[in-house]
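# Report on the structure
Given next are the chains, with one letter for each unit.
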Amino acid sequence: MATNDIYILGIESSCDDTSASIIHNGKVLSNVIANQEVHAKYGGVVPELASRAHQQNIVPVVQQAISQANITKEDLNAIAFTKGPGLMGSLLVGTSFAKSLALGLGIPLIDVNHMQAHILAHFIEEEQSKFPPFPFVCLTISGGHTQIVKISNHFEMEILGETIDDAVGEAFDKSAKILGLPYPGGPLIDKHAQKGNPKAFQFTQPKVGDLDFSFSGLKTQILYFIQKNNKENPNFIAEHLNDICASIQYTIVEILMKKLKNAVKHTEIKHIAIAGGVSANSEIRKRLVLAEKHWGWTTYIPKFEYTTDNAAMIAIAGYLKFLDKQYASISVSAQARLKVTE
Ligand code: KG4
Ligand code: ZN
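The following paragraphs examine the structure supplied in this document. Treat the numbers as computed from the prediction; the structure is a model and nothing was measured. (Residues numbered from 1 in each chain as written. Chains lettered and ligands numbered in written order. Predicted model: local features only at pLDDT ≥ 70, side-chain atom pairs only at ≥ 80, totals over all residues. Heavy atoms only, no water.)

### As for unusual backbone geometry
Short version of the rule: What counts as a helix is a DSSP run of H or I of at least four residues, what counts as a strand is a run of E of at least two, and both are numbered from the N terminus.
The step from Phe-134 to Pro-135 runs through a cis peptide bond, and the omega angle for that step is -10°. One can find Pro-135 in the loop between α3 (114-120) and β6 (136-141). Backbone torsion omega between Tyr-183 and Pro-184 reads -10°, so that peptide bond is classified as cis. In this structure, Pro-184 sits in the loop between α4 (168-178) and α5 (186-193).

Laid out in structure tokens, this is it:
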């Protein structure tokens, strides 16, 4: 093995996915994700069940990541893990496991901020990868966050705007729940929306600051809209599901695009990235491609598998911190609340 061969194991356990990944000099060798089906019937993640499932999954998931990468644990140079934000019980499983393994192997431990990792996933090396140049603006959209972030270098980030209530992922998931779709409903709304008319129903957009978001009013609007129509026609949802989903998705994506336009105006930065679970959405991806043509932006859309929670993003963040010698102390603790700037 050449001395410049760096192998990083990344471990992600912040919510309901147990994931482990091996990155070799910035390239992904493996990215194993165990989804937890157990939450679907509860309509959301049950924290107690999530931590128990992590406990069961973590050893086999890490073993599989190492074997798929065709290396042994002795080849590893460092272990990176998600420190936060997330569910405390879930984070503790990954944190404790990462510490024990790093201690056992006598290699550095690297703590990673989950929200920074969503953004840093853009620096995973792929065939034809195009890295965003600094500074760039990233719309970070997930189940827990909705932020516009200015990224000045790998480790320097500034929040330009954020949601004052629900995250955009919650807006998708709660709308889906109103429509009787299982958790997480975001991908299902996306799927039905592709067969529907986005202009079939109109929802009003919230009035908040130029770079801030609000989604709780939209959720209430959708709830009242469904209740009213269900009263008149009990089959309303079944008969119009595709159109309802397309209209909800259109409204949400319109809001996101409008805020990005405001961000470009404020910062004069035209390099625009998206990150987080909701960046898997087909409509926002399409609209960003169009923005290149219409508005002269250069857009950075993560590969589909690096949008929702995964350990490759933790491993790449760990790799960048390893190169910068940013190691964690063995007494580091998980943090349920952690800003993208921390
Ligand atoms: O980043 P992520 O995996 O977990 C958090 O850190 O929150 O994001 C999960 C969120 C969920 O709300 C899920 O419904 C949403 O991402 N999501 C989508 C799509 N795929 C995942 N929302 C809309 N369209 C999608 N295709
Ligand atoms: Zn996430």
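Okay, back to it.
### Here we look at the nonpolar core
In summary, soluble globular proteins display a tendency toward joint burial of nonpolar side chains. Let me state the cut-off plainly: Remark: nonpolar core denotes a set of buried residues (Ala, Val, Leu, Ile, Met, Phe, Trp, Tyr, Cys) joined through side-chain atoms within 4.5 Å. For every residue, the accessible area obtained with a 1.4 Å probe (protein chains only) is divided by the maximum for its type, and the residue is called buried under 20%, exposed over 50%, and partly exposed between those limits.
Counting 44 residues, the largest nonpolar core has Leu-139, Leu-179, Phe-215, Ile-252 and Leu-256 as its most contacted members. Counting only elements with at least two residues in this core, the list comes to β6, α4, α5, α6 (216-232), α7 (236-267), β9 (271-275) and α8 (282-295). Per element, the largest residue contribution to this core is 15 residues, and it comes from α7.

### Remarks on the sheet that holds strand β7 (residues 146-153)
To keep things clear, this is the line we draw: Here the rule is simple: two strands pair whenever DSSP picks up at least two bridges between them. Axis geometry follows a simple rule: fit a line to the C-alpha atoms, using only the stretch in contact for helices, then measure angles between N-to-C directions, giving values from 0 to 180 degrees. Contacts between residues were defined by any pair of non-hydrogen atoms, one from each residue, lying within 4.5 Å.
Across the sheet, which stays open at both edges, the five strands sit in the order β8-β7-β6-β9-β10 with mixed pairing between neighbours. This sheet does not close on itself; its edge strands, each paired only once, are β8 (156-162) and β10 (298-300). Mean inter-strand twist for the sheet, computed between neighbouring axes without regard to direction, equals 25°. For β9 and β10, the ladder comprises three bridges, and the chain directions are parallel. What sits directly across from His-271, in β10, is Thr-298. Those strands touched by α7 are β6, β7, β8 and β9, and its axis lies near 155° from that of β6.

### Considering the sheet that holds strand β4 (residues 78-84)
Taken together, five strands build an open sheet; the order of strands is β3-β2-β1-β4-β5 and the sheet is mixed. Both edges of this open sheet fall to β3 (27-35) and β5 (109-113), since each of them pairs with a single strand only. Within the sheet, the average angular offset between the axes of one strand and its neighbour, ignoring direction, is 20°. Relative to strand β2 (residues 17-24), strand β1 (residues 7-12) runs antiparallel, the two sharing six bridges.

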